[in-house]
Structure formats: C-alpha cells, structure tokens
Amino acid sequence: MHDDRKLVEARLKRVLDERIRPAVHPDSVPLEVAVWHAPGEPVPVGEGLAAAPEPIAPGAAWGAPWGTSWFTVTGAVPAEWAGRTVEALLDLGFDENMPGFQCEGLVYRPDGSPVKGLNPRNQWVRVGSPVEGGERVRLHIEAASNPVILGVPPFQPTHLGDKETAGAAPLYRLGRMDLAVFDETVWQLVMDLEVLGELMAELPADGTRRWELLRALERALDAVDLQDVNGTAAAARAELTGVLSSPAVPSAHRISAVGHAHIDSAWLWPLRETVRKVARTASNMTALLEDEPDFVFAMSQAQQWAWIKEHRPEVWAKVVKAVATGRFVPAGGMWVESDTNMPGSEAMARQFVHGKRFFIDEFGIDNEEVWLPDTFGFAAGLPQIIKAAGSKRLLTQKISWSRTNTFPHHTFLWEGIDGTRIFTHFPPVDTYNCSMSGRELAHAERNFKDKGSARHSLAPTGWGDGGGGTTREMVAKAARLRDLEGSPAVTWEPPADFFAKAEAEYPNPPVWVGELYLELHRATLTSQAKTKQGNRRSESLLREAELWAATAAVRTGAPYPYEQLDRIWKTVLLHQFHDILPGSSIAWVHREARRTYEAVAAELNGIIDTAQRALAGTGDRELVFNGAPHARHGVPGGGARSVSGVRWTEVRERDGGGFVLENDLLRVEIDARGLVVSAYDLTAGRETLAAGQAANLLQLHPDFPNQWDAWDVDEFYRNTVTDLVTADEVSLDGDGVRVRRSFGSSSVTQVLTLDGGRLDILTEVDWHETEKFLKLAFPLDVRADRYASESQYGHTFRATHTNTSWEAAKFEACNHRFVHVEEPGWGVALVNDSTYGHDITRAVGGSGTTTTVRVSLLRAPRFPDPETDQGVHRFRHALVPGATIGDAVREGYFINLPVRQVPGTASAEVEPLITVDDDAVVVTAVKLADDESGDVIVRFHESRGGRARATLTPSFPVAEVVATDLLERPTGEGALTLSLRPFELVTLRLKRA
C-alpha cells in the first residue's frame, strides 16, 4: 500500500478548518450592540447595568488600556429556529491564540446574575436548547480592555504596564456579535476528528493503530458532503464509531485530569484585575459543572476565593453551591501560590495558617495537598512547614522548566532540612494549562520517569490567567480518551483522589534531599528591590507587633489587635505571590506594592509603639526594647531594660591613605579607594580577606538575558565585569568612614562602621542604569567546599565548587538573613537586612583558596517594567569575621530587628514572656492565640543543624502546655523542657493560669 499519510492528514486539517468547524453554527443573525465606557476604575455591577449605552457596530474600535466597557446586546430568536439549540456568539476582538493575556468579559443577565465568562476560546453563551422561536435576548457584558503586555515578539519594553503611562488609544475592534444555531452533531464530529487526528499523529508510523485511525478518518471525510456538512455529519460520525470504541490497553498510562485555571494573583495585570479574572473563571466553571456531570474543577489560593466572596457575592453563591457537590474543589491550602524561596520562616508558615483556615471556616474542608504549579523553585525548609500545617502532599510543574538538568523523577518523596518527607508529584504533561490535546497526553506518557513502578500522573486542565479555565471541548475530548486504544486513559477526579492512587501504587518512591532548585528565573531574587525590602521589613515588623502586643496584653491587660494583625498578615502574604515578591510583574503592581508596604509599616509601627508605651509607663528614662530572639547589650531577647555604657570604636588615618576602624574585636582597614583591604579578627588573630584582594567591592555587569528579562540572569553575564574602584570621596563620618562613587548615570554612598565584632556597611545607590547588574563582593581567605545559606527554620548547604552540572547551575541562589562560609574552627558570615540573591565562587592560587561571596544589589531589566528599580535604594550588610553558624543566626536577627528606645518610668523593666536557656533554639513567634482565648503561642526551632536540649521558662503563670500544629490545633501534650532534632520546628500553646 502506498504511504498516503501526509495526503490524508492535510485533507483532515483543511476540511476541519474551512468546512466542518464553520458548520457548528450554520445559521446566524446579528445582535444589536450598545456600549457604555466606564470612566476610571471598574464600577459595581449595578452601576454598569444601569448605565445608558450608545450604539456600536462590529468592527468599531473600543477599549482604552485598562478600561472597562459595558456592552448590551439585544435581539430576537427567529421563529424558524424553533426546536433548535441557539447560542450568542460574542467576540470582543479576541485573538484565539492568546487566552488570558488580552480583553475578557463577564456576561450578566438583566437581573445582575452572572452567566459565564467570555474568553478567546470561550465566546459562546447558551440562549436555549431547544428554543421555541421568537424569544427576546438581552445580555450585558462587563468587558475589560486589558492590554497585551507579553506579545509577539515577546519581552518588548512597553509603558502599557501602568495605567498612568498607558495612554488612551483604543486597543480592540469589536468582532462578531450574533445569535446562531448550534449544531450539536457537527460539534461532536469536530471533537471526534480532533481527538483521533491528534492521537494518530503521536502513534508510531509502523504501528497498526495509526493506520486504522488514518483509514477511519479517511472514510469519515468521504462521508461528509462539503456542500451539506450539517446533513452528513451523522454519517461521518458513524464511520468513526469503531475506532473510538476500541479500549485502551491494560498497561496504558493513567491520567487524572483536574479542571484548573492557573490565575496569577498579579502579573501582567494589577491586583484589582485579578479580582475580576477570578470571578469570570469561577462563573465559567460553575456553569460547566452544571452541564458536565463527570467534570471536576480545583481552584487554589484562598485569597482568590476571598475576593469572590467580598467583591462578587452573586458569583460566590454559585461557587458555594458547587463546592457542596464535591466537584468544585478548594486546593492548595495556602493564602496565595507564593514564592517559597524568599518568604521568611513565619511568613511561610502563615501562608498555610491563613489559607487552610479559610477553607476550613468556609467549607469545613482541610485539604492535604499543596498546589504550587508555577512557583520558581522550593526552599529546603518547606517540607516540615507543610507537615506542621497538617498537609502531606505537594504538586508542582515548574521544575520542568529547568534549562540545564532534567529532574530524574515525577513522583517521589521530598526530604527537607529536618528529615521530613513529603509525597511530591511533577505532572509529566509539563504544563499547568493542559488542553487535552493528543500531543500533550502522549508527551505525558513518554515523559513519565517512573514507568514500571507507577502508572498514574496528573494533568491540570484548562486555560489560566483569565483564559477562562476548562472548556467544553476539553471535557468532550477527555470523555473520548477515558478508554481509548493508543492513548493514556483519562479520568476527571479531585487532586486528593489522584494522590491516594499514586501513593497506593508507589509505596517506596525515590527520595530527593534538599531544595528543589529551578535552573531558571534566578534573577527574581533581585528584581524590584523595593518590593523585596518591603516584604522583609513587613515580616520583621509583624514579628515585633505580635511580640510586643502579646507582652502588653499579658503584662498590662492591653487589648490585643487580633483583627488588625490578621488583616495585615493577609496583605503581606498576598504580596508574596510568585510574580509580586519575585519582581516579575508590571510597573502598576510594584508601584502599588510600594505604597502598600509603606502603609503596612506605618500601621505596624503604631501597634508596636502603643504596646511599648504601655509596657514602659510614663517617664524620661530610656528603655531599650530588643525584639530579636537573642540577648544584646544586656537586654534579653523579647525584653526591655535601661542600658548604660557605650561601645567604643577607634578611628585613625591609614598609612598610604584611607582609614582604620578598630575596637576590641576587629580591626578594619579601608584604603584610599574606599575598599576594605583588611578585616582582622583580633580574637582569633586571623585575617578575613584573601591576600592582595579588596572587599566591599562594587561590581557592574551587563545584564541582557536571552529571554524573560525580569526573571532571568544568564551565566554569560559574568564574562564582562567593571570593578567600581574609583572614589569621589573617602572621608570620616563620626566613628565611621563615608565613601562616595559615581558611575554611568548613577552614584553610590556607603558608610562603614564597626558594631562589636562586625563591620556594618550601609549602601545607598541612586540607580539610573538599564540592563545592568550590580554586585557587592567579599573575597574571603577561607577554604570551604560548601556554604550555608539561611532558609525557613534553618539553613541549607550548597557547594562552592562546580563539580557537576547540578552545582554549576546554581550560579545565583537565595538566602534570607545570612550566608556562612567556614573552615573547621573559623568562619565568616555575611548578613543583610533586605537582599536575597547572591553567588559564591572559589579560586585557588599561590596564597591558598579564596572563597568570594557576592550579594546581588540591583538589576535594571526593561520588561515587564521598563523603569525597574530606577531611583534611590538603601541596603545594610555586615561582615562578621570569626562567626560560627550560631553567630550568623544571631547577627542576622540583629541587623533585621534593630533595638528601639522608648522613654519610661525609672523602675521599668520588661521581662520576656518566654526565655530559652539554649541560644541554638530560636523563638520565631510569640503571640496570642488566634482563637482569642488569651493563650500564648510560642513557636521555635533548632537553628544550627544539631541536637539541642532546651528549657523554656514563661514569666507568667501557665496552667497547661499543649503541643499544636501551625493552625494552633492540639497535636499532643506539650512540655517546657524538650530535646530537639536538627532544625526541628515546635509550636506550643501556653494556657494562662
């Protein structure tokens, strides 16, 4: 037989595109259309419905960037259509290839009840099935003219990303606005042909099944009369019955399809637009659930559910009803799908506290799955947080984006820093926007790395980011693929059902230890510095606000601001979303974030000030409040005392120019260039810096990645570097040294001072570069094969060498408050108050091994925000010679939680609510219980990676000690003397007597 595959395949494509798909809606009449353009921001639904629209015709331009237009469509069903199914086809000017990235709409009835969303792949609204003929049709569309930010070609700088700079020129032209007959038989034929054609293309050319499908498709095409598609569709379908009824082989891969619409809580649109994207998608999915009894939809991010409840109660009512059926499933148990690298320990815990509590309170559902398909890598401290929140499973897909190494598993146990293991699944379909195409499903089966041991995988199915979620076409395809020869077998089911099956069939999966590092998007650790600083500062202020408010409540009976703290926590958690905190959103998002963080700081400082004044009393004696977990300057952690005495620093001129700073612990030499050329540990009698090299060295690199500008830094950036060694000024500044430099269009001012055994460096950059990367380097005389970087509730180790491609790929990585480099017996810490990105390299020369630590200060990508980070920034870092890992932990807290001085009574002294007798055990939270019982919650962990035996001593009467999970639910009897494993996390409820 001659090979005519290409001939038949080309015929199938053309006939589908030009004859059969157009015949799905064979008859149509135009609707009358009118529009009202809302001035400014979106208006309430009632106002939009009541507005007086003006006529508009298809083809007319509409939609200023970020505008809202209310369309009203009216018409009548022709009498001759009686007995047929009729739909409204409403095209706002869509590009079908860009679901989720352009204009969108939500359709309402005249009474204000939502019908469904309008999206590029979802432009229909059912009018009647069947109709009687003559019905009047009136629908309203709330249409958002969101601009296309990520267009073709991608990553082009644009000012459309902020309403203040986007202009007012219309972006769209109204398309088809018709009533049309829907031919169910032709539509089903389209689904048959698409499923079989896509499956056929994935089967081996020398296999029998492929040829069976080819011949069946050929017979079906022969049965179609191209001049009467509607009259011959049933005959064409009959030719396909045999191949569609052939069952899957017993060994077929099993795919659990989960309806999904991954919606970024902000990204190429502002937060307010996400509120509407979520409402549109939820409307679509509740409508689809009513039509499709097998369909299951899962939605994550409690914040997005809360937005629907608050802003769209008419949609919320439908959601609540659908959840009760068990097929609209709350997923993930987090407030948002946050970044997991940068959020601090308590913030990561509170993502689960607030997310899970929302679903429990609203629906009585405590799901055990963590749903994070799009997060940019996972910190090694996360497994025990997941467990401590009462969850036990994780789903993500993003690791498949890694560019260097292919992750070796799809289903495995992920082991964190404390030994906790979490059952984890990466969908081998390699997308969280699966459309049920044959190519996707075949890829999932071929790609699945656990064949022979396991046979189940999950496919998140639906268009995300406002694309409308799962479509009726996807559901129809899944029905045909439920049991079809040559294809994986597809079943709709909730995530929990998939995980139960996966765990049952794979009792001993492989184990991956340590962080799940994404070999991509490394620059998200640096982009949008003010957003990152706002996050870190908010985390620190929240710790203090809870600590001092709880202390004041217990000591003085002052009211505890439960609702206020709850609201602020949710605001901070929202901004940890994986496109806000990482700096990969449009300018509008980050402009709003800066204002939000300023408001959060003012509010939290007010809480702190009120509590501290209540504790200090009235007087003029200065009390020093120490919000850190460790004692300093004679003030215990979590307490306040009057402190006398001044720590001294000697400042003198240096031979050859520059200055010397010295105290009883450290001598630092700063040369005439303003560079640190010596940092001598007087206690150990040892130099910190590599011979002949200078620290506090600012380095500037070109930074133009191949794609994903705000997200990526490519390793070739290191090929070119400019050392900023010319100083405009090196002068004394009190007991410190001031250094000023200028370069390009920017300038830097630094002030270097000593604080005990550390060198503090305050850096102010007036930054006006583009596509540049600014680093601050410290070449250390330390030979170390690995280094520690702080993560949630502990630290993780990374190699300083590049023996393998896995190590080489980590050329930019995340730390929280410190990195620590150590030889046996002596180490160095570099601590910070707001930066996350860093790199560490090693070099060997005649004088030994140099380990260079560089912190990432600023970038200047032009997409999606062309003005990224322009302006003034302030950073604080400290070099701590001779530091143990315990010193690194302590100094990291100190630089982030400066003492506060408050006037009080002469006898005032505030004892900590809790003291711990082992500095290795760090208290991360002291607060009152969320249930408003007045009980005190204490959370702590072992911080050094070793064993610890510690006694906690409350300074208030305690009736009972109860161990709890993160949600403050009892897990067993508690104790005040405990033996902790390395990095073990503990939460105790102290019931007050």
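Residues numbered from 1 in each chain as written. Predicted model: local features only at pLDDT ≥ 70, side-chain atom pairs only at ≥ 80, totals over all residues. Heavy atoms only, no water.

Draft legend 1. Just the nonpolar core, in detail. Counting 200 residues, the largest nonpolar core has I20, W305, F328, M436 and F940 as the members making the most contacts within it. Leave out the neighbours within four places in its chain, and F328 touches A282, M285, T286, L289, F297, M299, W305, V319, A322 and V323. (Core = buried A, V, L, I, M, F, W, Y, C linked by side-chain atoms within 4.5 Å. Buried < 20%, exposed > 50% of the residue type's maximum accessible area, 1.4 Å probe, protein only. Contact = heavy atoms within 4.5 Å.)

Draft legend 2. Layout of the pairing of strand β34 (residues 746–755). Where strand β33 (residues 736–743) and β34 come together, seven bridges link them in antiparallel fashion. Paired with V739 across the strands is Q750, a residue of β34. Where β34 meets strand β35 (residues 758–767), nine bridges bridge the pair, whose relative direction is antiparallel. Bridging across to β35, V751 finds its partner in L762. (Pairing = 2+ DSSP bridges. Helix = DSSP H or I, 4+ residues; strand = E, 2+ residues; numbered from the N terminus.)

Draft legend 3. Up close: the packing of aromatic side chains. Applying the stated criterion across every chain yields a total of 36 aromatic pairs. A ring pair is formed by W305 and F359, whose centres lie 5.4 Å apart and whose planes are at 80°; its orientation type is edge-to-face. With a gap of 54 residues between them, W305 in helix α8 (residues 302–311) and F359 in helix α10 (residues 345–363) connect regions that are remote in the sequence. By the burial criterion, W305 is buried, and F359 matches it. Look at F743 and W767: their rings are 6.3 Å apart centre to centre, the planes differ by 55°, and that puts the pair in the tilted class. Residue F743 is found in strand β33, and its partner W767 is found in strand β35; the two are separated by 24 residues along the sequence. Here F743 matches W767 in class, with each residue buried. Members of the aromatic cluster, each reached through a chain of ring pairs, are F295, F297, W305, W316, F328, W335, F358, F359, F363 and W492. Above the face of the W269 ring, K277 is positioned so that its terminal group lies 4.0 Å from the ring centre. (Phe/Tyr/Trp six-rings, centres within 6.5 Å; stacked < 30°, edge-to-face > 60°. Lys NZ or Arg CZ within 6 Å of the ring centre and 35° of its normal.)

Draft legend 4. Layout of unusual backbone geometry. Looking along the chain, the bond that leaves S129 and enters P130 is cis, with omega of -5°. Inspection of the secondary structure assignment puts P130 in the loop between β9 (124–128) and β10 (136–145). P864 follows F863 through a cis peptide bond whose omega is 5°. Relative to the elements of secondary structure, P864 occurs in the loop between β43 (848–859) and β44 (871–881). We note that F155 has phi near 65°; this positive angle belongs to a residue other than glycine. Within the fold, F155 resides in the loop between β10 and β11 (172–173). On the basis of relative accessibility, which here comes to 12%, the residue F155 falls in the buried class. Here D465, not a glycine, exhibits a phi torsion of approximately 55°, which is positive. According to the relative accessible area criterion, D465 is buried, its value standing at 6%.

Draft legend 5. Looking closely at the sheet that holds strand β45 (residues 900–904). The sheet built from three strands is open, its strands ordered β24-β23-β45 with antiparallel pairing. With partners counted over all chains shown, the strands left at the sheet margins are β24 (639–641) and β45, one partner each. With strand direction ignored, the average angle separating the axes of adjacent strands in the sheet is 30°. Pairing of strand β23 (residues 621–626) with β24 involves three bridges; the strand directions are antiparallel. Pairing of V624 across the sheet is with R641, part of β24. Against the sheet, helix α15 (residues 529–556) contacts β23, β24 and β45, and its axis sits at roughly 30° relative to β45. Strands in contact with helix α17 (residues 587–616) are β23 and β45; relative to β45, the strand with the most contacts, it is inclined by about 40°. (Axes fitted to C-alpha atoms, helices over the stretch in contact; angles between N-to-C directions.)

Draft legend 6. Up close: the environment of F894. Within the element layout of this structure, F894 appears in helix α19 (residues 885–896). Sequence separation of F894 and E445 is 449 residues, and the distance between their C-alpha atoms is 52 Å. Beyond its immediate chain neighbours, meaning those up to four positions away, F894 contacts A628, H630, A631, R632 and R758.

Draft legend 7. Focus on α17. The end-to-end C-alpha separation of α17 is 43 Å, in line with the 44 Å expected for 30 residues at 1.5 Å each. Positive phi appears at G617, one or two residues downstream of α17, with a value of about 75°. (Expected span 1.5 Å × (residues − 1).)

Draft legend 8. Main features of the side chain of T411. Take T411: it is sitting in strand β18 (residues 411–415). Taking relative accessible area as the criterion, T411 reaches 2% and is therefore assigned buried. Of the polar contacts made by the side chain of T411, one reaches the side chain of H425; its length is 3.0 Å. Filtering out sequence-adjacent residues up to four positions away, T411 remains in contact with F423, T424, H425, F448, D450, Y506, P509 and P510. (Polar contact = N/O pair within 3.5 Å; in protein donor to acceptor, adjacent residues only side chain to side chain.)

Draft legend 9. Structural detail: helix α12 (residues 438–447). For α12, the full list of buried residues reads G438, E440, L441, A442, A444 and N447. Of the surrounding secondary structure, the elements contacted by the buried residues of α12 are α3 (184–202), β13 (254–259) and β21 (489–492).

Draft legend 10. Layout of the environment of Q123. Examined against the element boundaries, Q123 turns out to sit in the loop between β8 (114–118) and β9. The exposure class of Q123 is buried, given its relative accessible area of 16%. Along the primary structure Q123 and F94 are separated by 29 residues, whereas in three dimensions their C-alpha atoms are 8.9 Å apart. Contacts of Q123, omitting those with residues within four sequence positions, involve A88, L89, L90, D91, F94, E96 and L118. Within the structure, Q123 has its side chain in polar contact with the backbone oxygen of P120 (distance 2.9 Å).

Draft legend 11. Representation of the pattern of salt bridges in the model. Evaluated as defined, the whole model comprises 83 salt bridges. For R480, the salt bridge goes to D192, with nearest N and O atoms at 2.6 Å. Residue R480 is found in helix α13 (residues 472–480), and its partner D192 is found in helix α3; the two are separated by 288 residues along the sequence. Accessibility classification places R480 together with D192 in one group, the buried group. For the salt bridge of K477 with E194, the shortest nitrogen-to-oxygen distance reads 3.3 Å. Placement of K477 in helix α13 and of E194 in helix α3 is noted, with a sequence separation of 283 residues between them. Neither K477 nor E194 differs from the other in exposure class; each is buried. Through salt bridges that share partners, E41, E104, E142, K163, R272, E273, R276, K277, R280 and R312 make up one connected network. (Salt bridge = Lys/Arg side-chain N within 4 Å of Asp/Glu carboxyl O.)

Draft legend 12. Just the sheet that holds strand β1 (residues 28–30), in detail. The strand order β1-β12-β6-β9 describes an open sheet built from four strands, whose pairing is antiparallel. With one partner strand each, in any of the chains shown, β1 and β9 form the two edges of the open sheet. Strand-to-strand twist in this sheet, taken as the mean axis angle between neighbours without regard to direction, amounts to 25°. Of the pairings in the sheet, the one linking strand β6 (residues 85–90) to β9 comprises four bridges and is antiparallel in character. Following the sheet pairing, A88 is matched in β9 by V125.

So, to be careful, I would describe these as geometric facts and stop short of saying anything about function.
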